[in-house]
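Chain residues, written in single-letter form:
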Amino acid sequence: MISATPGRRKTLVANWKLNGHAEGVEAWLEAMAPIALEGKLDLVLMPPALWMERAGKWLARHPGAITLGAQNVAACEEGAYTGEISASMLARAGARYALIGHSERRRLFGETDEIVSRKLACCLAAGLTPVLCIGETEGERRAGETDRVLERQLAILDEGGGFSPGASLWIAYEPVWSIGTGQAATPELVEAVLSRVRSHWAGLNATIHEEPRLLYGGSVSPANAASLVALEAVDGLLVGGASVEPESCADLCRSVIRALA
Ligand code: 13P
């Protein structure tokens, strides 16, 4: 099996989606920063974009604690695109990462592979690390199409558009049927999929700063986080619902840190 890079610290990404409230940003950061500063787990907060600068200001006073990411990014750098926020605007607001191709964006907002590919290029050009989300639906899984779907979603990497020795890439396996359902993927499935993702990357011969970080997301909770993060193939977890409240997120981080001890 191809495994995660030995010795690399694992990561927990908190994707708040359309949840939380403005004052909750500082409360969350205050609760989570001491855990991050222990240095056992890298923490990334992805709040609604409106609060990115607010979080960035807090983090400027507490350097090194937590990093910031965006839940979405425009597929163009500038122009007449009402409501969009570009990769370089996000970078200037303090973001280091941006989700691209999250299944909620694909399913609810019509984000196609072609759009995801343009978002990838925009992130790389602006120096943001794209976090490419891939995953099959329940129907695709039942039809035995998981591999085909994942290969199609990964194919946007094949053109190598914008990869350079200084670039970074993260890839998150988030099976659609597991998001928000309480039904996380089994460790066996996560290992099998992430190993295939790593092989796909290895076949591309693209040079970037370090091996892509591979994450799992989908109904991660304080109860199952330990068994998922302990997998060799897993570099980190992408957490939605359980990451929004500081108590639940702290519980989750504690169980991850215990599992990695
Ligand atoms: P849940 O953790 O709420 O299932 O969401 C996962 C997800 O979509 C993270 O991006």
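Residues numbered from 1 in each chain as written. Predicted model: local features only at pLDDT ≥ 70, side-chain atom pairs only at ≥ 80, totals over all residues. Heavy atoms only, no water.

**Observations concerning the site of the ligand**
Then comes step 1: Lining the immediate surroundings of the ligand are 13 residues, of which Lys-17, His-102, Gly-180, Ser-219 and Gly-241 lie closest.
Then comes step 2: One of the side-chain N or O atoms of Asn-15 is found 3.0 Å from an oxygen atom in the ligand.
Then comes step 3: Between the ligand and the protein, one listed contact pairs an oxygen atom with a side-chain N or O atom of Lys-17 at 2.8 Å.
Then comes step 4: Against a free-state accessible area of 300 Å², the protein chains account for coverage of 95% of the ligand.
Then comes step 5: Split into classes, the residues belonging to the shell around the ligand amount to three nonpolar, eight polar and two charged. (Near = heavy atom within 4 Å. Polar contact = N/O pair within 3.5 Å; in protein donor to acceptor, adjacent residues only side chain to side chain. Areas by Shrake-Rupley, 256 points an atom, 1.4 Å probe, with all protein chains shown as cover. Nonpolar A, V, L, I, M, F, W, Y, C, P; charged D, E, K, R; others polar.)

**Thoughts on the sheet that holds strand β5 (residues 129–134)**
Then comes step 1: One closed barrel holds the eight strands; their spatial order is β1-β2-β3-β4-β5-β6-β7-β8, and the pairing between them is parallel. The sheet shows a mean angle of 25° between the axes of neighbouring strands, direction not considered.
Then comes step 2: Pairing of strand β7 (residues 213–217) with strand β8 (residues 236–239) involves three bridges; the strand directions are parallel. Its bridge partner being in β8, Leu-215 is matched across the sheet by Gly-236.
Then comes step 3: Relative to β5, helix α7 (residues 146–154) is tilted by about 160°, and along the sheet it contacts β5 and β6 (170–173).
Then comes step 4: Of the strands in this sheet, β1 (11–15), β2 (42–46) and β8 are in contact with helix α10 (residues 246–260), which crosses β1 at around 165°. (Pairing = 2+ DSSP bridges. Helix = DSSP H or I, 4+ residues; strand = E, 2+ residues; numbered from the N terminus. Axes fitted to C-alpha atoms, helices over the stretch in contact; angles between N-to-C directions. Contact = heavy atoms within 4.5 Å.)

**With respect to the packing of aromatic side chains**
Then comes step 1: Scanning the model with the defined rule gives five aromatic pairs in all.
Then comes step 2: Ring centres of Phe-163 and Trp-201 lie 5.3 Å apart, and the angle between their planes is 80°; on these two criteria the pair is classed as edge-to-face. Here Phe-163, found in the loop between α7 and β6, pairs with Trp-201, found in helix α8 (residues 187–202); they are 38 residues apart in sequence, far enough to count as distant. We note that Phe-163, like Trp-201, is buried.
Then comes step 3: Among the aromatic residues, those joined into a ring-pair cluster are Trp-16, Trp-28 and Trp-51.
Then comes step 4: For Arg-105, the ring lying beneath its charged end belongs to Phe-109, and the centroid distance is 4.1 Å. (Phe/Tyr/Trp six-rings, centres within 6.5 Å; stacked < 30°, edge-to-face > 60°. Buried < 20%, exposed > 50% of the residue type's maximum accessible area, 1.4 Å probe, protein only. Lys NZ or Arg CZ within 6 Å of the ring centre and 35° of its normal.)

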